[in-house]
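Descriptive structure summary
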Amino acid sequence: MDFAQPLIESESVTTKSKIRHIPVSPSENDDDDTSPKKLDEWLVEAANQAAANVFGNITNSNNDKIVDSSQYPERVIPQSEKIEENALVVIFESFDNLDFCYAESGEIFNNRNGHFHHDDFIGKPYGSKIRSRNNQGYGFVYLLKPTPELWARSLKHRTQIVHELDASMIVFYLNLRPNMVVCESGTGSGALSHCIMRTIAPHGKLYTYEFNGMRAETAKKEFAKNRVGHLVEVTHKDVCGKHGPGGFDRPQASVDAIVLDLPEPWVAVPHCAHILKPNARLASYSPCVEQSQRTIQQLKKCGFHSIKTMEFRLKEHYVDEVEYDPPPREKRPRVPTYTGPPGKPVTVAKTSTDTEAENKPEQKTTEKEQEEKSAATEEAPSDNATAGSKRKKLLVTRPFAMMRGHTAFLTFCTAGNKLQPDPNQQE
């Protein structure tokens, strides 16, 4: 994934300014205090002093190594636009069906839409539409650039994963920033791990722990294939201490944030309090409210404060353009206001037109005349549309009939200023 690539130097606004120190050759009249300086020398000295002020108010403007805009390029993440050999590709099959593969020469990706050769992937830009080589080319897929959100939707679930809504809230409420040190207990399928690594890149570190050895080994291989292995360290261990010594094997007050996704998170809370920095943040992901209640009780005992438990629901909307008839504009007949006693029926005076219509004898129409009249009515514009009016297109939304149900309760808290002892040494 792009966020894990090393930063490269790029031209910035500072380098484009070309501000630098201009060396001044000593003049023959420098020893003579009475001789006036040349105008060029005055301008060069003033420009050098102004450049020194721009780069941090440097007192010695003759330091040409510091006063040089070319020494301050912009460091950016390189963007891969084309699919390379062994690169991760997310395959869009339908709106709710995504898959992935690693582009390898000679391999074939098979699904219900057909057979797709990896040789057709390599060298193509991300977002390309690839047609199958069988079924007369009717089947097709889209090749998407991988992101943590797309990876979470396409990976093979080994456990219940943390979806993008809860993952985004965890990253937000933990105040994660680049180059932080984060611990995670409960690696699982690695969906949340990718979201954390994207936030703490390029020089941060994620220490993730998984008590199941097979899942830990599989996650380690996936991180390496996704080219994010340098940002994460996977450890096979039970941090709760039920199968050996618990804890995170980190020094005291050395971690910026912790995420717990455990069946019994309250057992790991004392170990978290030991390694967290003062005023660092902790998040606990629990499906049941009883788990959150026991965790909160243990958090208070270990000196945590600002404890808050929240549940997040995602309501998706379908967006589309719909044509509507313009509203009617003709004036409606005015209805007189009745001011008489209650219960008495309202009588409206008949007009001359109503009287003529009542006195006019009924005329029988033939079946052919009725058909012609109905055909003319269908061809005529509707009553709701005025003459010359056009149907308008409006961008509207409607919620989906089904909304994702309950996932988990998220508990957030802040560590206190007092350093906590190591629970393993107390035992």
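Quick notes on the rules
- Residues numbered from 1 in each chain as written.
- Predicted model: local features only at pLDDT ≥ 70, side-chain atom pairs only at ≥ 80, totals over all residues.
- Heavy atoms only, no water.
- Buried < 20%, exposed > 50% of the residue type's maximum accessible area, 1.4 Å probe, protein only.
- Helix = DSSP H or I, 4+ residues; strand = E, 2+ residues; numbered from the N terminus.
- Pairing = 2+ DSSP bridges.
- Core = buried A, V, L, I, M, F, W, Y, C linked by side-chain atoms within 4.5 Å.
- Contact = heavy atoms within 4.5 Å.
- Axes fitted to C-alpha atoms, helices over the stretch in contact; angles between N-to-C directions.
- Expected span 1.5 Å × (residues − 1).
- Arc of directions from axis to C-beta.
- Polar contact = N/O pair within 3.5 Å; in protein donor to acceptor, adjacent residues only side chain to side chain.
- Lys, Arg positive; Asp, Glu negative; His and termini not counted.
- Salt bridge = Lys/Arg side-chain N within 4 Å of Asp/Glu carboxyl O.

1. Focus on the pairing of strand β17 (residues 409-414)
Where burial is concerned, most of β17 is hidden: five out of the six residues are buried. For strand β13 (residues 276-286) and β17, the ladder comprises six bridges, and the chain directions are antiparallel. Bridged to Arg281 within β17 is Thr414. Alignment of strand β14 (residues 305-310) against β17, held across four bridges, turns out to be antiparallel. When the sheet's bridge partners are listed, His305 is paired in β17 with Thr414.

2. Overview of the nonpolar core
Phe3, Ile170, Leu174, Leu176, Val182, Ile196 and Met197 are the most contacted members of the largest nonpolar core, which has 42 residues in total. Here this core gets six residues from one element, more than from any other, and that element is helix α5 (residues 191-200). With residues near it in sequence (within four places) discarded, Leu176 still touches Val171, Val182, Ile196, Thr199 and Ala257.

3. Let's talk about the sheet that holds β14
A sheet is described by the order of its strands in space; here seven strands give the open sequence β11-β10-β9-β12-β13-β17-β14, paired in mixed fashion. Each edge of the sheet is formed by a strand with only one pairing partner; in this case those strands are β11 (232-236) and β14. Strand-to-strand, the axes of this sheet are offset by a mean angle of 15°, without reference to chain direction. Across five bridges, the pairing between strand β10 (residues 205-210) and β11 is parallel. The partner of Leu206 across the bridge, within β11, is Val232. Across the sheet, helix α4 (residues 164-173) touches β12 (255-260), β13, β14 and β17, and the angle it forms with β17 is around 10°.

4. Describing helix α6 (residues 213-225)
The terminal C-alpha atoms of α6 lie 19 Å apart, and with 13 residues this matches the ideal 18 Å at 1.5 Å per residue to within 8%. The complete set of buried residues in α6 reads Arg215, Ala216, Ala219, Glu222 and Phe223. In an axial view of α6, the angular spread of the buried residues amounts to 130°, which keeps them on one side of the axis. Residues of α6 that are exposed and angled more than 90 degrees away from the buried face: Met214, Lys221 and Ala224. Residues of α6 that are buried in the fold lie against β4 (97-102), α3 (148-154), α5, β10 and β11. Put simply, Asn212 is the residue that caps the front of α6, since its side-chain oxygen is 3.1 Å from the backbone nitrogen of Met214. One or two steps after α6, the chain reaches Arg227, where phi turns positive at roughly 65°.

5. Details of the side chain of Glu184
When you line up the elements, Glu184 lands in strand β9 (residues 181-185). Buried and unpaired, Glu184 has no salt bridge, with Arg158 as the nearest side chain of opposite charge at 10 Å. Within the structure, the side chain of Glu184 is placed 2.7 Å from the side chain of Ser193, a separation counted as a polar contact. Side-chain polar atoms of Glu184 contact the side chain of Thr208, separated by 3.2 Å. If near-sequence neighbours (up to four positions away) are discounted, Glu184 is found in contact with Leu192, Ser193, Leu206, Tyr207, Thr208, Tyr209 and Val259.

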